[in-house]
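Summary of the model geometry
As a plain string of letters, each chain reads:
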Amino acid sequence: MAEATLRTVGDLVSAGLVRNREADALEAVAGRYAIALTPTVRALIDTGDPNDPIAAQYVPSTAELTEHPGERPDPIGDHPHTPVEGVVHRYPDRVLLKVVHVCPVYCRFCFRREMVGPQGDGNLGADALKNALDYIRADARIWEVILTGGDPLILSPRRLREVMQELATMPHVRIVRIHSRVPAVDPERISDALLDALKAGGKTLYLALHVNHARELTAEVRAACARLSATDVQLISQSVLLKGINDNAETLADLMRAFVETGVKPYYLHHPDMAPGTGHFRLTIAEGQTIMRELRTKLSGLCIPHYILDLPGGHGKVEIGTNSLREIDPNRYIVLDRHGQEHVYEG
């Protein structure tokens with residue numbers, strides 16, 4: 001019988017990932033934020049290492065119950081830019097289509113942690129999905145549709161095919177981008193049926209693969225990426241700069257080289273968002289910039305990602321390795337958004 005995904009504190013205790021004496025305290029975390037570790041993730045965790053970077057991404061901690069100033073349930077401002085349920089339209093030529101609000105795994109630093117999981121926003125019903133697709137169909141400015149959520153590749157091939165076929169009827173939509181952890185955490189899901197569903201839209205396809213540590217790019221994961229590439233899916237990366245997981249140039253260099261070796265172009269390295277209960281993962285922007293400067297001394301340009309801050313309040317992404325940011329006080333910055341408007345950022 002196939003191994004099951006670990007979804008409860010009891011499952012984690014049984015698997016030897018948390019101790020019995022921690023269970024009661026962790027139930028409070030589980031009551032607020034979803035838990036899920038696939039067998040692929042479980043197999044990567046070194047239970048003999050208390051600082052294992054894989055465990056730190058997925059195994060809950062009581063530190064998640066501590067909230068810090070500036071943290072917010074919708075840290076990047078999805079809701080103010082939601083014209084209809086399931087669509088986020090922050091930039092003129094592209095939209096997010098949040099087709100599902102569940103994931104195969106739940107990252108402990110997730111910026112949508114208040115929206116995803118069984119206690120989250122819920123999946124789009126048939127009527128809501130139709131309304132979302134009609135919104136995209138009616139706006140000829142929309143050149144790119146980004147399937148996200150949740151993780152869109154958790155959908156069945158049949159449902160994914162239906163979405164792709166709907167997008168195929170919209171000539172102004174030229175690009176479909178998918179943001180997913182599935183190839184890294186459940187590589188067997190990248191099946192012939194799923195690949196056929198992706199091709200049903202006839203669009204240029206990109207997949208942004210979320211991985212934060214080189215150990216996650218196993219032989220099985222690389223084989224799943226090769227299957228996607230063979231289907232003309234262009235692979236780019238997204239990672240989060242996380243304290244205790246990848247917050248040094250050596251670890252990031254290993255990750256970025258592993259991406260390139262796998263046929264994945266490094267794209268985004270996100271500064272951690274101000275999601276509730278994630279302060280233990282955050283480092284300062286100055287620390288991140290120092291790491292990026294060192295990274296540039298170690299790596300080919302092929303391996304350098306964009307270091308990105310998603311401004312709180314829905315003001316969009318800015319690259320913070322450039323002059324879009326200046327420090328005005330210790331740990332207090334003025335950041336220019338894409339329109340040249342200034343925003344104060346603390347943290």
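Here is a short report on the structure shown in this document. (Residues numbered from 1 in each chain as written. Predicted model: local features only at pLDDT ≥ 70, side-chain atom pairs only at ≥ 80, totals over all residues. Heavy atoms only, no water.)

Quick look at the overall build of the chain
How we decide: Secondary structure elements follow DSSP: runs of H or I of four or more residues count as helices, runs of E of two or more count as strands, with numbering from the N terminus. Both definitions apply: the radius of gyration is a C-alpha atom measure, and the globule rule equals 2.2 Å times residues to the power 0.38. Here's how the labels work: a residue is buried when its accessible area is under 20% of the maximum for its type, exposed when over 50%, partly exposed in between, all with a 1.4 Å probe on protein chains only. Note on contacts: a residue pair qualifies if any of its non-hydrogen atoms lie within 4.5 Å across the two residues.
Assigned secondary structure in the chain consists of eleven helices and twelve strands. Its C-alpha atoms give the chain a radius of gyration of 20 Å, within 12% of the compact-globule value 20 Å for 347 residues. C-alpha atoms of the chain, sized along the principal axes, occupy 55 × 50 × 40 Å. Relative to its 347 residues, the chain shows a buried fraction of 54%. Across the chain, every contact between residues at least 6 apart in sequence was considered, and the portion connecting residues at least 24 apart equals 74%.

Remarks on unusual backbone geometry
Cis rather than trans, the peptide bond between Gly 149 and Gly 150 has omega equal to 20 degrees. Along the chain, Gly 150 turns up in the loop between strand S3 (144-148) and helix H6 (157-168). A positive phi is found at Asp 232, a non-glycine position, where the angle reads about 65 degrees. Mapped onto the secondary structure, Asp 232 falls in the loop between helix H9 (219-230) and strand S6 (233-240). A residue is classified by how much of its surface remains accessible, and Asp 232, at 63% relative accessible area, is exposed. With phi around 65 degrees, Asn 331 is a residue other than glycine that occupies positive phi space. Among the structural elements, Asn 331 can be located in the loop between strand S10 (325-329) and strand S11 (332-336).

With respect to the sheet that holds S11
For clarity, the cut-off: Strand pairing follows a simple DSSP-based rule, namely that at least 2 bridges must link the two strands. Helix axes use the C-alpha atoms of the stretch in contact, all axes being lines fitted to C-alpha atoms, and the angles between their N-to-C directions lie in the range 0 to 180 degrees.
Taken in spatial order, the three strands line up as S10-S11-S12 in an open sheet, and their pairing is antiparallel. Looking at which strands have only one partner, the edges of the open sheet turn out to be S10 and strand S12 (342-346). Averaged over all adjacent pairs, the angle separating strand axes in this sheet is 30 degrees, with direction ignored. Sheet analysis places S10 next to S11, joined by four bridges and oriented antiparallel. Bridge pairing in S11 places Glu 327 opposite Tyr 333.

What to know about the layout of surface pockets
What counts here: Grid points spaced at 1 Å over the protein atoms alone were grouped into cavities, where a 1.4 Å probe fits but cannot get out, and pockets, open sets with protein on both sides within 12 Å along at least five of seven lines, with lining residues defined by an atom within 4 Å of a point. Grid points are joined across faces, edges and corners, and a volume is the space filled by probe spheres set on the points. Ten residue types, Ala, Val, Leu, Ile, Met, Phe, Trp, Tyr, Cys and Pro, are classed as nonpolar, four, Asp, Glu, Lys and Arg, as charged, and the remainder, Gly among them, as polar.
Of the pockets and cavities examined, the largest pocket occupies roughly 960 Å³. Phe 111, Arg 112, His 179, Gln 238 and His 270 are the residues nearest the centre of the largest pocket, which is lined by 48 residues in total. Contributions of two or more residues to the lining of the largest pocket are made by strand S1 (87-91), strand S2 (94-98), S3, strand S4 (175-180), S6, strand S7 (265-270) and strand S9 (316-319). By residue number, the principal contributor to the lining of the largest pocket is S1, which donates four residues. Computed from the structure, the second largest pocket encloses a volume of approximately 630 Å³. Looking at the lining of the second largest pocket, its residues break down into eleven nonpolar, six polar and eight charged.

A closer look at the side chain of Ser 237
Quick reminder of the rule: We define a polar contact as two N or O atoms separated by no more than 3.5 Å, with the added condition that, inside protein, one atom must be a possible hydrogen donor and the other a possible acceptor, whereas residues neighbouring each other in sequence contribute only through side-chain atom pairs.
In this fold, Ser 237 is placed in strand S6. For Ser 237, a relative accessible area of 0% gives the class buried. At 3.0 Å, the side chain of Ser 237 and the backbone nitrogen of Tyr 267 are in polar contact. Residues in contact with Ser 237, not counting those within four places in the same chain, are Leu 209, Phe 259, Val 264, Lys 265, Pro 266, Tyr 267 and Tyr 268.

Digging into the nonpolar core
The line we're drawing: Side-chain atoms within 4.5 Å link the members of a nonpolar core, which is a set of buried Ala, Val, Leu, Ile, Met, Phe, Trp, Tyr and Cys residues.
By size, the foremost hydrophobic cluster in this structure holds 103 residues, and its most contacted members are Leu 37, Leu 97, Val 145, Leu 147, Leu 153, Leu 198 and Leu 209. A per-element tally of this core places helix H10 (residues 249-262) first, with six residues. Not counting residues within four places of it along the chain, the set of residues in contact with Leu 97 comprises Gly 86, Val 87, Ala 132, Leu 133, Ile 136, Val 145, Ile 146, Leu 147, Thr 148 and Val 163.

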